[in-house]
Amino acid sequence: MAQPRPQPTPVNQPARQSASSGAALRQYARLMRLDRPVGIWLLLWPTLWALWISGDGRPQAAIFSVMVLGVVVMRSAGCVINDWADRDLDPQVERTRDRPLAAGLVSPQEALGLFVALSLVAVALALQLNRLAQLLAVAGGLLTVVYPFMKRVIAAPQLVLGAAFGWSVPMTFAAQTDAVPQLAWLLWLAVVVWALIYDTMYAMADRADDLKAGVKSTAILFGSADVFIVSLLMILLVLALALAGQMAALGPWYFGSLLVAAVLMLHERRLIGDRDPARCFQAFLHSHWVGAAVFAGILLDYTFRPA
């Protein structure tokens, strides 16, 4: 009688599981936009402005670490909850239809679980700060959660985005000085204006799809006056940052950096002039260099300040 042939040991099963886990992690990273770091830079530069100015050029190492890590965590959490809220809208937009949730590569339940995990990390970071900064962190968290739904409610959801992206400024001042002076709020308002600029350019790239999907944006609100209004906002941003520099007693290095920032924004204005979606998106991707130029001026000013 023939003996039954022994079945081969599934030696490749762990490898398949590992590959599956690796693919899932890659999709989670995409969901958090870790492959597209421009949002991290747009959130990081105002944080660094506030760290150096509130710390008089010498930010506290512990607070620096908490705030920079917080930027990465909160931007990631914001992207996850944004895509969860837009999971039915993103498939209708050419540029976003391949996002993990829109493409069905990550489930809504997985996305919510990832958002909760990132939120817990953010809470742990906030607990390292003082009481005032913790209270502001709660408000910042609410802004992060509320923003994705605003495009269905208000005509200018970019205002809420700007409020959220600039919230690290008062938080940083609170963490380092246990107070939020007028200078901090002025810098926050400058960031709100800056967000209106770069996210309007972002929305100009998606305007046709957004109109079909029935969502709101400043690009739709401004209509044919979009380029003109963005130009005015660029002027307002430079003026607000100049006033903030005067209040902070910053010197020539800083004001020189504002000239560089103005030149960079002129380039962006040229890109969006013909309203071509690809060039509008290119202008958005370029916009973080404005924040980098401003920070370079702050850093150089404190570095070479007379003793």
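Only a predicted model underlies this, so the values are computations on that prediction, with no experimental measurement involved. (Residues numbered from 1 in each chain as written. Predicted model: local features only at pLDDT ≥ 70, side-chain atom pairs only at ≥ 80, totals over all residues. Heavy atoms only, no water.)

## Some remarks on the overall build of the chain
So, step 1. The secondary structure content of the chain amounts to 13 helices and zero strands.
So, step 2. When its helices and strands are written in sequence order, the chain yields α-α-α-α-α-α-α-α-α-α-α-α-α.
So, step 3. Across its three principal axes, the chain shows a C-alpha extent of roughly 95 × 45 × 30 Å.
So, step 4. For the chain, contacts bridging at least 24 residues in sequence account for 75% of all contacts bridging at least 6.
So, step 5. Summing over all exposed atoms, the chain offers an accessible surface of approximately 14,800 Å²; the carbon and sulfur share of this is 68%. (Helix = DSSP H or I, 4+ residues; strand = E, 2+ residues; numbered from the N terminus. Contact = heavy atoms within 4.5 Å. Areas by Shrake-Rupley, 256 points an atom, 1.4 Å probe, with all protein chains shown as cover.)

## Details of the packing of aromatic side chains
So, step 1. Scanning all chains against the criterion turns up 16 aromatic pairs.
So, step 2. Judged by centre distance (5.9 Å) and plane angle (55 degrees), the ring pair of Tyr 202 and Phe 281 falls under tilted. Residue Tyr 202 is located in helix α8 (residues 182-213), and its partner Phe 281 is located in helix α12 (residues 277-286); the two are separated by 79 residues in the primary sequence.
So, step 3. A residue is classified by how much of its surface remains accessible, and Phe 281, at 21% relative accessible area, is partly exposed.
So, step 4. A network of ring pairs unites the aromatic residues Trp 49, Phe 165, Trp 194, Tyr 198, Tyr 202, Phe 281 and Phe 284 as a single cluster.
So, step 5. For Arg 87, the ring lying beneath its charged end belongs to Trp 84, and the centroid distance is 4.2 Å. (Phe/Tyr/Trp six-rings, centres within 6.5 Å; stacked < 30°, edge-to-face > 60°. Buried < 20%, exposed > 50% of the residue type's maximum accessible area, 1.4 Å probe, protein only. Lys NZ or Arg CZ within 6 Å of the ring centre and 35° of its normal.)

## Topic: the layout of surface pockets
So, step 1. Estimates place the volume of the second largest pocket at around 160 Å³.
So, step 2. If you go around the second largest pocket, the residues you meet are Val 93, Glu 94, Arg 95, Met 204, Ala 205, Asp 206, Arg 207, Ala 208, Asp 209, Pro 277, Ala 278 and Phe 281.
So, step 3. Of all the secondary-structure elements, those providing two or more residues to the lining of the second largest pocket are α8 and α12.
So, step 4. Among the elements that line the lining of the second largest pocket, the one with the most residues is α8, at six residues. (1 Å grid on protein atoms, 1.4 Å probe; cavity = no way out; pocket = protein on both sides within 12 Å on 5 of 7 lines; lining within 4 Å. Points joined across faces, edges and corners; volume = space filled by probe spheres on them.)

## Observations concerning the environment of Ser 107
So, step 1. With respect to the helices, strands and loops of the structure, Ser 107 is situated in the loop between α3 (61-85) and α4 (108-126).
So, step 2. Separated by 23 residues in the primary sequence, Ser 107 and Trp 84 have C-alpha atoms spaced 9.2 Å apart.

## What to know about a nonpolar patch on the surface
So, step 1. On the surface, Phe 228, Leu 232, Ile 235 and Leu 239 cluster together into a nonpolar patch covering about 430 Å² of accessible area.
So, step 2. Mapped onto the fold, Ile 235 is located in helix α10 (residues 226-247). (Patch = residues over 30% accessible without salt bridge, like charges linked within 9 Å, V, L, I, M, F, W, Y side chains within 5 Å. Salt bridge = Lys/Arg side-chain N within 4 Å of Asp/Glu carboxyl O.)

## Points about the side chain of Gln 158
So, step 1. Here Gln 158 lies in helix α6 (residues 158-165).
So, step 2. If we ignore the near neighbours within four places in the chain, the residues touching Gln 158 are Leu 196, Asp 199, Thr 200, Ala 203, Ser 217 and Thr 218.

## Some thoughts on the packing of helix α2 (residues 38-54) against helix α7 (residues 168-177)
So, step 1. Running from amino to carboxyl end, α2 crosses α7 at an angle of 30 degrees, the nearest separation of the two axes being 9 Å. Put simply, α2 runs roughly parallel to α7. In this structure, α2 meets α7 at a crossing whose hand is right-handed. Contacts from Leu 43, Pro 46, Thr 47, Ala 50, Leu 51, Ile 53 and Ser 54 of α2 reach α7 at Ser 168, Val 169, Thr 172, Phe 173, Gln 176 and Thr 177.
So, step 2. For the contact of α2 with α7, the residue count by class is seven nonpolar, six polar and no charged. (Axes fitted to C-alpha atoms, helices over the stretch in contact; angles between N-to-C directions. Parallel < 35°, antiparallel > 145°, perpendicular 65-115°, else oblique. Left-handed = near helix turned anticlockwise from the far one by under 90°. Nonpolar A, V, L, I, M, F, W, Y, C, P; charged D, E, K, R; others polar.)

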